[in-house]
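Per-entry structural report
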Amino acid sequence: GEEEEEDSIASNSLGSDKSCTCSTQGPVPDCRLCSSLNLNPVSRIQLSEYVEPDLASTDQISLEGERKRRRQSFKIGFRKIPDISIPDLSLQRNLDLVSCLDIIPRELGMHTQDWRCIDCTKAIGALFGNGKVCAFTKKHYCEECHVDDMATIPSRLIYNWDAKQYPVARSSFRFLELAKSIPFIKLREFNPKLGGFVPSIEGIMAQRKKLHYMHAYLTACSRAGDQLDKLTAIVSVNGGGGGSNREHLYTDTEMFSVQDVAGIQSGELASVLRLCIDVCEKHITSCLVCSGRGFICEICKDKRPVYPYNLDSTSQCGDCFTVFHSTCAKTLVQCPRCERISSRELNSLITETKLRRELRETD
């Protein structure tokens, strides 16, 4: 009779907080429920004071070592870590977020975080509700710090050409929103083999170079103020508003933001560059000042000027920047202008040497 009564108490009180006085430290000897069920203390979760996890796989020094080995073995990744941070996050959290830009982290168990949210340190898991994993950091967060904001993961985009959006924590989302318009990716250096898998990258690089040359013409022209304003408006509107600045698209030829790389995949970046090139080209061809700044090919002596931004039909000397027709440049052994410059320098040196010798003889 006593055994049936105890079983009844245990079954009716299993989900009741009042029937068990044990804490998370484990069952106590005088608890009737726990003693009758013969629970093992090992099955209880033991929480301790929160300490930042110190595992080799998440240590900054270890990550830097992995980054260095990857640079040496596969020639991919950052040579210098970008300087991006959210002001109201700790230095450690900012370093963790930055380290995920070029590394796809491995998901570890919640025990590596002492069963606590990595941001607010609120207890998660088991008795306290399931935690959520951030696709960017692969850390575990509580449901308040992770509300399934969607974002593109930079490392997945640049390594795997995966521009899909994944659920990320609030802090990660804020960081990625801040970083997405900052040009911190030197694409040819970060992943040199990506162009072999994505042919459109070379076309984008050529468009960037052409636009860069054209922008130099506009900045040197006093009549191109409206066109420069149009360029700013085009990249701002297509940048999604919100104060995003994409002037690097025409002031630089190598640096890309996460938004730019995603735009290569979607085709958005090619459209933006095409619009900018059209604005510049219309001005240069119609402006007497800009059109007069072309070059005359010194090989064929054609009176029609050639411009450095016509990349398909022209070649430019890397030393003196003189422009030739591509077909004419194939016959060159040495750049005529460089040869003249070298000749003048040599004649100047000879003249100076003769004068010094004459001065010594007169003394």
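Owing to the predicted nature of the structure, the values given are computational and were not obtained by experimental measurement.

1. As for the overall build of the protein chain
Helix and strand counts for the protein chain stand at 16 helices and eight strands. The contacts of the protein chain with a sequence gap of at least 6 include a subset with a gap of at least 24, amounting to 58%. Carbon together with sulfur atoms contributes 52% to the accessible area of the protein chain, which is approximately 21300 Å² in total.

2. A word on the packing of aromatic side chains
Given two aromatic rings, their pairing is described by the distance between the two centres and the angle made by the two planes. As enumerated under the stated definition, the model contains five aromatic pairs in all. Judged by centre distance (6.1 Å) and plane angle (65°), the ring pair of Tyr 217 and Tyr 307 falls under edge-to-face. One end of the pair, Tyr 217, is in helix α9 (residues 200-219); the other, Tyr 307, is in the loop between α14 (288-291) and β7 (314-316), with 90 residues separating them in the sequence. The burial state of Tyr 217 is the same as that of Tyr 307; both residues are buried. Among the aromatic residues, those joined into a cluster by ring pairs are Tyr 217, Tyr 307 and Tyr 309. Positioned above the aromatic ring of Tyr 166 is the side chain of Arg 156, whose terminal nitrogen or guanidinium carbon lies 5.3 Å from the ring centre.

3. Here we look at the side chain of Asn 191
If you trace the backbone, Asn 191 turns up in the loop between α7 (187-190) and α8 (194-197). Each residue touching Asn 191, except ones within four places of it in the same chain, is listed here: Ile 76, Ile 158 and Tyr 159.

4. Let's talk about unusual backbone geometry
For Lys 138, which is not glycine, the phi dihedral falls at a positive 60°. On the secondary structure map, Lys 138 appears in the loop between β1 (132-133) and β2 (140-141). Despite not being glycine, Phe 321 shows a phi value in the positive range, around 65°. Turning to its location among the elements, Phe 321 is positioned in the loop between β7 and β8 (323-325).

5. Observations regarding a nonpolar patch on the surface
Taken together, the side chains of Leu 346, Leu 349 and Ile 350 make up a nonpolar region of the molecular surface, amounting to roughly 280 Å² of accessible area. Within the secondary structure, Leu 349 sits in helix α16 (residues 336-362).

6. Here we look at helix α12 (residues 258-266)
Considered for burial, the residues of α12 that qualify are Val 258, Gln 259, Asp 260, Val 261, Gly 263 and Ile 264. Phi turns positive one or two residues past the end of α12, at Gly 267, with a value near 90°.

7. What about the packing of α9 against helix α13 (residues 268-286)?
Taken N-terminus to C-terminus, the directions of α9 and α13 make an angle of 30°; their axes are 9 Å apart at the nearest point. The two elements α9 and α13 cross, and the hand of that crossing is left-handed. Counted together, Ile 204, Gln 207, Arg 208, Lys 210, Leu 211, Met 214, Tyr 217 and Leu 218 of α9 and Leu 269, Ala 270, Leu 273, Arg 274, Cys 276, Ile 277, Cys 280, Glu 281, His 283 and Ile 284 of α13 form the full contact between these two elements. Tallied by class, residues from the contact of α9 with α13 come to twelve nonpolar, two polar and four charged.

Definitions and limits used
- Residues numbered from 1 in each chain as written.
- Predicted model: local features only at pLDDT ≥ 70, side-chain atom pairs only at ≥ 80, totals over all residues.
- Heavy atoms only, no water.
- Helix = DSSP H or I, 4+ residues; strand = E, 2+ residues; numbered from the N terminus.
- Contact = heavy atoms within 4.5 Å.
- Areas by Shrake-Rupley, 256 points an atom, 1.4 Å probe, with all protein chains shown as cover.
- Phe/Tyr/Trp six-rings, centres within 6.5 Å; stacked < 30°, edge-to-face > 60°.
- Buried < 20%, exposed > 50% of the residue type's maximum accessible area, 1.4 Å probe, protein only.
- Lys NZ or Arg CZ within 6 Å of the ring centre and 35° of its normal.
- Patch = residues over 30% accessible without salt bridge, like charges linked within 9 Å, V, L, I, M, F, W, Y side chains within 5 Å.
- Salt bridge = Lys/Arg side-chain N within 4 Å of Asp/Glu carboxyl O.
- Axes fitted to C-alpha atoms, helices over the stretch in contact; angles between N-to-C directions.
- Left-handed = near helix turned anticlockwise from the far one by under 90°.
- Nonpolar A, V, L, I, M, F, W, Y, C, P; charged D, E, K, R; others polar.

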